[in-house]
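# Remarks on the overall topology
Now for the letters of each chain:
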Amino acid sequence: MKIKATLATLSLLSLLSFGASAAQLVTSQQAADLQPAGTISISGIGGAPTDYRAALSQKADDQGASAYKVIEARTGDSYHLTAELYK
C-alpha cells in the first residue's frame, strides 16, 4: 500500500514540476500583476491551436519567461501569432 501511495505522489510531483517549467498562457487580467519581458512571434503553414500554444510556450521558455499573452493572431491556411512575455 505504501508503494502505491509513493508512486502516486511521485507521479503528481513530476506533473507539477513539468507544468511549472513551461510558460503559461495568461489573460489580460492575470498579466496586469506580472512584469513585461518583451515579445515573441511564430508563423507557419497549417497547424492547430494546440500546436500554436506549444510553440509559443517553448519560445517563451527559451526567453526565460514564465507566462505569455497573445496580442495578435492571424490564422487560416497559414498563421502568425505575436505574444507579450512576462516574468
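Conventions we followed
- Residues numbered from 1 in each chain as written.
- Predicted model: local features only at pLDDT ≥ 70, side-chain atom pairs only at ≥ 80, totals over all residues.
- Heavy atoms only, no water.
- pLDDT = per-residue confidence, 0-100.
- Contact = heavy atoms within 4.5 Å.
- Salt bridge = Lys/Arg side-chain N within 4 Å of Asp/Glu carboxyl O.
- Buried < 20%, exposed > 50% of the residue type's maximum accessible area, 1.4 Å probe, protein only.
- Pairing = 2+ DSSP bridges.
- Helix = DSSP H or I, 4+ residues; strand = E, 2+ residues; numbered from the N terminus.
- Axes fitted to C-alpha atoms, helices over the stretch in contact; angles between N-to-C directions.

With that out of the way, let us pick up the confidence of the model for the chain. Per-residue pLDDT for the chain has a mean of 83; in total, 76% of the residues score no lower than 70. For residues 1-19, every residue scores under 50 in pLDDT, and the model assigns this stretch one contact once sequence neighbours within four places are set aside.

Moving on, we get to the pattern of salt bridges. According to the stated counting rule, one finds one salt bridge in the structure shown. Here Glu72 ties to Arg74 by a salt bridge, and the two come within 3.4 Å at their closest N and O atoms. By relative accessible area, Glu72 is classed as partly exposed at 31%.

Before going further, it helps to examine the sheet that holds strand β2 (residues 36-45). Reading across the sheet, the four strands line up as β1-β3-β4-β2 and stay open at both edges, with mixed pairing between neighbours. Two strands in the sheet have a free side with no partner beyond their single neighbour: β1 (24-25) and β2. The sheet contact formed by strand β3 (residues 67-74) and strand β4 (residues 78-86) spans seven bridges and is antiparallel. Directly across from Val70, in β4, lies its bridge partner Ala83. The sheet strands contacting helix α3 (residues 49-62) are β1, β2, β3 and β4, and the helix crosses β2 at an angle near 140°.

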